[in-house]
Amino acid sequence: MKRPRSSAKKGHSEDFFGDYRDFWWNESFLKLLARRLQLSQCHSLLDVGCGQCHWSKLLVNYLGAPEDEPTRVAGVDNDRKWAKGSPQLRAYFAEKEVAFELKKAEADNLPYEDATFDLVTCQTLLIHVSDPMAVIAEMKRVLRPGGTILCVEPNNLVQSLTRNSISSDDPIEQVLDHVKYALLFERGKKKLGQGDNSLGDLVPGMLAQAGFENIDVRLSDKAIAMYPPYDTPEQRATMRQWRHGDRWTSDGFSDYDYFKALGPDSLEFYETYVRQYAHLGERTERYIDANKYHSAGGAMMYVVSGVNE
Ligand SMILES: C[S@@+](CC[C@H](N)C(=O)[O-])C[C@H]1O[C@@H](n2cnc3c(N)ncnc32)[C@H](O)[C@@H]1O
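Residues numbered from 1 in each chain as written. Predicted model: local features only at pLDDT ≥ 70, side-chain atom pairs only at ≥ 80, totals over all residues.

1. Overview of the overall build of the protein
Put simply, the rule is: Runs of H or I in DSSP of at least four residues are treated as helices and runs of E of at least two as strands, each being numbered from the N terminus. Radius of gyration means the value over C-alpha atoms here, while the globule rule gives 2.2 Å times the residue count to the 0.38 power. Backbone-placed C-beta atoms define the burial measure: a residue is buried with 20 or more other C-beta atoms within 10 Å of its own, exposed with 12 or fewer, and partly exposed in between. A residue pair is marked as a contact if its C-beta atoms, positioned from the backbone, fall within 7 Å.
In terms of helices and strands, the protein carries eleven helices and seven strands. By the compact-globule yardstick of 19 Å for 309 residues, the protein fits well, its C-alpha radius of gyration being 20 Å. Overall, the C-alpha framework of the protein stretches about 60 × 45 × 35 Å when taken along its three principal axes. Considering the protein as a whole, with its 309 residues, one finds that 30% of them fall into the buried category. If you take every contact in the protein between residues at least 6 apart in sequence, the share linking residues at least 24 apart comes to 79%.

Shown next as structure tokens:
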């Protein structure tokens, strides 16, 4: 079997940056989170692994403004495309009179002095780095004493066990194949030094190990339920994501590479799996077209915060 084509020229995670990402949060949850974390006391924010700044674009609405200078938002990403930004992104922050800057840098070597920011945050970054503790230590370094770290990281494995109206009676062997695929995919990605896609489970312990205090662990309450006629804005965006989003690729790596990294048995499982379940995408499309697909759309996104005492 040939190595599937990958999207090497795209920015990191580009296939996952559609407007679908704008629906990742319930506003009422963010309001509550902002109150709990007293974000109005924070005047400067660093978004590490910012991508297109979907996360800081939301958080900025809850930050406070100091009297004599503008609120400050900085984004760092090691992908040149995201570190460059776009006129639309700059206009978004300019309209809010927020001082905004982007820098290209590695998350474990942030281009800022010690104790620079009130809030240092990341959303689905730690799951992509080989040494998350080194990144957390660096986030701590640039956080002022008393400042807040906020990490939003998932357990993605649970997705392989959520069901929908088509799959709910699938044979157990088939369900286990999907779980095994997800598990091997994650192990292979980790083996290649590209991070652990379910690292969210480990983030609270890592913050404790890094010396943070007052660690709070929450789960985002967002679920995007899909049911006919699939016509709410978030359902339409999710449908577009399913239809046009690529398989996961990163730096030119694809599922194939992750299975290959684990050895011949895993690669054989991959090749059999791809052949055996090739029809699943079409089956889902057919059910959607017939208005028979529905699912609660739950996910497991941890929201972990700590204070830099
Ligand atoms: C899944 S995306 C998340 C982007 C953004 N935080 C969001 O939630 O929309 C991961 C981002 O982390 C960046 N990234 C991955 N490894 C990095 C590293 N070692 N240093 C800096 N950025 C990194 C990628 O380029 C990508 O933009």
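2. Some thoughts on the sheet that holds strand 5 (residues 143–154)
Rules: Pairing between strands requires that DSSP locate at least two bridges from one strand to the other. Whenever a helix is involved, its axis is fitted only over the stretch in contact; in every case the axis is a line through C-alpha atoms, and angles between N-to-C directions fall within 0 to 180 degrees.
The mixed open sheet is built from seven strands, whose spatial order is 3-2-1-4-5-7-6. Unpaired on one side and paired on the other, strand 3 (99–104) and strand 6 (213–219) mark the two borders of the sheet. The mean angle between the axes of side-by-side strands here comes to 15 degrees, regardless of whether they run parallel or antiparallel. Both strand 2 (residues 72–77) and strand 3 contribute to a ladder of six bridges, which runs parallel. The residue bridging A74 from the neighbouring strand is E101, located in strand 3. Contacts from helix 5 (residues 132–141) reach strand 1 (44–48), strand 4 (117–123) and strand 5 within the one sheet, and its direction differs from that of strand 5 by about 145 degrees.

3. Brief notes about the nonpolar core
For clarity, the threshold we go by: Each nonpolar core consists of buried Ala, Val, Leu, Ile, Met, Phe, Trp, Tyr and Cys residues. Their C-beta atoms, within 7 Å, join them into a set.
Of all hydrophobic cores here, the largest spans 45 residues; its most connected members are L45, V48, V120 and L126. Looking at this core, the elements with two or more residues in it are strand 1, helix 2 (54–59), strand 2, strand 4, helix 5, strand 5, helix 7 (203–209) and strand 7 (301–307). With five residues, the single largest contributor to this core is strand 5. The contacts of V120, once residues within four sequence positions are left out, are L46, V48, M139, V142, L143, G147 and I149. Counting residues in hydrophobic clusters, the runner-up holds five residues, among them L184, F185, F259 and Y270.

4. Focus: the environment of V304
On the secondary structure map, V304 appears in strand 7. Between the C-alpha atoms of V304 and Q41, which are 263 residues apart in sequence, the distance is 18 Å. Residues in contact with V304, not counting those within four places in the same chain, are C151, V203, P204, L207, I215 and V217.

5. A word on unusual backbone geometry
Looking along the chain, the bond that leaves P228 and enters P229 is cis, with omega of 0 degrees. Residue position: P229 is located in the loop between strand 6 and helix 8 (233–244). Even without glycine at this site, E97 takes up a positive phi of about 55 degrees. Here E97 lies in the loop between helix 4 (87–95) and strand 3. Given 9 C-beta atoms within a 10 Å radius, E97 is considered exposed. In this structure, Y230 takes a positive phi of about 55 degrees despite not being glycine. As for its position among the elements, Y230 is in the loop between strand 6 and helix 8. A count of 14 C-beta atoms within 10 Å places Y230 in the partly exposed class.

6. Structural notes on the environment of L89
One can find L89 in helix 4. Separated by 91 residues in the primary sequence, L89 and K180 place their C-alpha atoms 39 Å from one another. When neighbours within four sequence positions are excluded, L89 is seen to be in contact with Q52 and C53.

7. Regarding the packing of helix 6 (residues 172–191) against helix 10 (residues 264–276)
Helix-helix packing is characterised by the crossing angle of the two axes and by the distance between the axes. We apply this condition: For classification purposes, angles smaller than 35 degrees are called roughly parallel, those larger than 145 roughly antiparallel, those between 65 and 115 roughly perpendicular, and all remaining angles oblique. What makes a crossing left-handed is the near helix being turned counterclockwise from the far one by less than a right angle; a clockwise turn instead makes it right-handed.
Interaxial distance between helix 6 and helix 10 falls to 11 Å at its minimum, and their mutual angle equals 135 degrees. With respect to their mutual orientation, helix 6 and helix 10 come out oblique. The two elements helix 6 and helix 10 meet at a crossing, and its hand is left-handed. Facing helix 6, whose interface residues are D177, K180, Y181, L184 and G188, helix 10 presents S266, F269 and Y273.

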